[in-house]
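Examining the three-dimensional arrangement
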Amino acid sequence: MGVVRQRFVRSAEWARSLAEETVPLIHEAGNPYYDWFFGGAEQAREAVEALYASPASEVSATRVTLLLEDERLRGLYVALPGEELAECRLADTLLLVARDSGATRAELRRRIELARGLFADVLPADCYLSKIGVVRASRGQGLGGTILDRVIAEARERGHSRVRLDVSAGNERALALYAARGFAIVRERRVGPLVYLELVRDLAQP
């Protein structure tokens, strides 16, 4: 049996070439929020495709880091500085409002206002883990931990003091992974049917 070649790649060219695999993974990683926010799975998928194609987006192909094994996609993550996150979320809001019209736009604006109470502001010095996912066929192999270790190490290298993220309270597998890597729950937030937990990893701790 040959040696598995595993590597992380941040390349817009790679990410765009694998869009058929990465976009559904980002959509899944963003749920249940995405489907609620956009009013259904189909609408959410279309919106994620538009965001993925926008260089200014929080989930742009330019910001996705891929985990490849023997050049096949196994997982991905999106992590960015707090100051960059604020700019991306503003750009995403403008893009989404511009692509809708009439009653759809009014409903989107309403959900934007509601969503502000779901996720706390991120400090400029924080590293924010926006999305993390492992392809379905590769789950149960410890790759989520491999990706999270990479995020933590990268955040340290860049001088961040904390890694922050938000996760659905019902995602027990993700919560177990985060707890094993030293993340602590600092706040619970509710909007409509959604319950999200704010987690923080203090990088001063080993």
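Structure's up top.
In this text the structure is predicted, and so the values were computed from the model without any measurement. (Residues numbered from 1 in each chain as written. Predicted model: local features only at pLDDT ≥ 70, side-chain atom pairs only at ≥ 80, totals over all residues. Heavy atoms only, no water.)

Quick notes on the environment of Ser60
For Ser60, the location among the structural elements is in the loop between α4 (41-53) and β2 (65-69). A residue is classified by how much of its surface remains accessible, and Ser60, at 1% relative accessible area, is buried. C-alpha separation for the pair Ser60 and Val9, spaced 51 residues apart in sequence, amounts to 15 Å. Apart from residues lying up to four places away in sequence, Ser60 is in contact with Leu51, Tyr52, Ser54 and Pro55. Engagement of the side chain of Ser60 in a polar contact is seen with the backbone oxygen of Ser54, the distance being 3.1 Å. (Helix = DSSP H or I, 4+ residues; strand = E, 2+ residues; numbered from the N terminus. Buried < 20%, exposed > 50% of the residue type's maximum accessible area, 1.4 Å probe, protein only. Contact = heavy atoms within 4.5 Å. Polar contact = N/O pair within 3.5 Å; in protein donor to acceptor, adjacent residues only side chain to side chain.)

Some remarks on the sheet that holds strand β7 (residues 194-202)
Within a sheet, each strand pairs with its neighbour through backbone hydrogen bonds, oriented either parallel or antiparallel. Spatially, seven strands are ordered β1-β2-β3-β4-β5-β7-β6 in an open sheet, and the strand pairing comes out mixed. At either end of the open sheet lies a strand with only one pairing partner, and these are β1 (6-9) and β6 (184-191). Averaged over all neighbouring strand pairs, the angle between strand axes comes to 25°, with direction disregarded. As judged from the four bridges shared by β1 and β2, these two strands associate in the antiparallel manner. What sits directly across from Gln6, in β2, is Glu69. Running at roughly 100° to strand β3 (residues 72-81), helix α5 (residues 82-99) makes contact with β3 and β4 (127-134) of the sheet. Set on the sheet, helix α8 (residues 172-180) makes contact with β4, β5 (162-168) and β7; between it and β5 the angle comes to about 160°. (Pairing = 2+ DSSP bridges. Axes fitted to C-alpha atoms, helices over the stretch in contact; angles between N-to-C directions.)

Digging into the pattern of salt bridges
Once their charged atoms are close, side chains differing in charge can pair, the charge on each being opposite to the other. Counted according to the given criterion, the structure contains 18 salt bridges. The residue Arg139 makes a salt bridge to Glu28 at a minimum N-O spacing of 2.9 Å. Here Arg139 is found in the loop between β4 and α7 (143-157), whereas its partner Glu28 is found in helix α2 (residues 19-29), with 111 residues between them in sequence. Take Glu28: its relative accessible area is 34%, and that puts it in the partly exposed class. Linked through salt bridges whose partners overlap, the residues forming this network are Arg164, Asp166, Arg187, Arg189 and Glu198. (Salt bridge = Lys/Arg side-chain N within 4 Å of Asp/Glu carboxyl O.)

As for empty space enclosed by the protein
Across all of its chains, the model carries one cavity of 30 Å³ or more by this definition. Looking at the largest cavity, its volume works out to about 40 Å³. Every residue lining the largest cavity is listed: Ala79, Leu80, Pro81, Cys127, Glu154, Ala155, Arg158 and His160. No other element matches the three residues that β3 contributes to the lining of the largest cavity. Considering only residue class, the lining of the largest cavity consists of five nonpolar, one polar and two charged. (1 Å grid on protein atoms, 1.4 Å probe; cavity = no way out; pocket = protein on both sides within 12 Å on 5 of 7 lines; lining within 4 Å. Points joined across faces, edges and corners; volume = space filled by probe spheres on them. Nonpolar A, V, L, I, M, F, W, Y, C, P; charged D, E, K, R; others polar.)

A closer look at the packing of α4 against α5
As a packed pair, α4 and α5 sit with axes 11 Å apart at the nearest point and diverge in direction by 125°. Classified by the angle between their axes, α4 and α5 sit oblique to one another. Crossing handedness for the pair α4 and α5: right-handed. Between α4 and α5, the residues in contact are Glu46, Ala47, Ala50 and Leu51 and Asp92, Leu95, Leu96 and Arg99, respectively. For the contact of α4 with α5, the residue count by class is five nonpolar, no polar and three charged. (Parallel < 35°, antiparallel > 145°, perpendicular 65-115°, else oblique. Left-handed = near helix turned anticlockwise from the far one by under 90°.)

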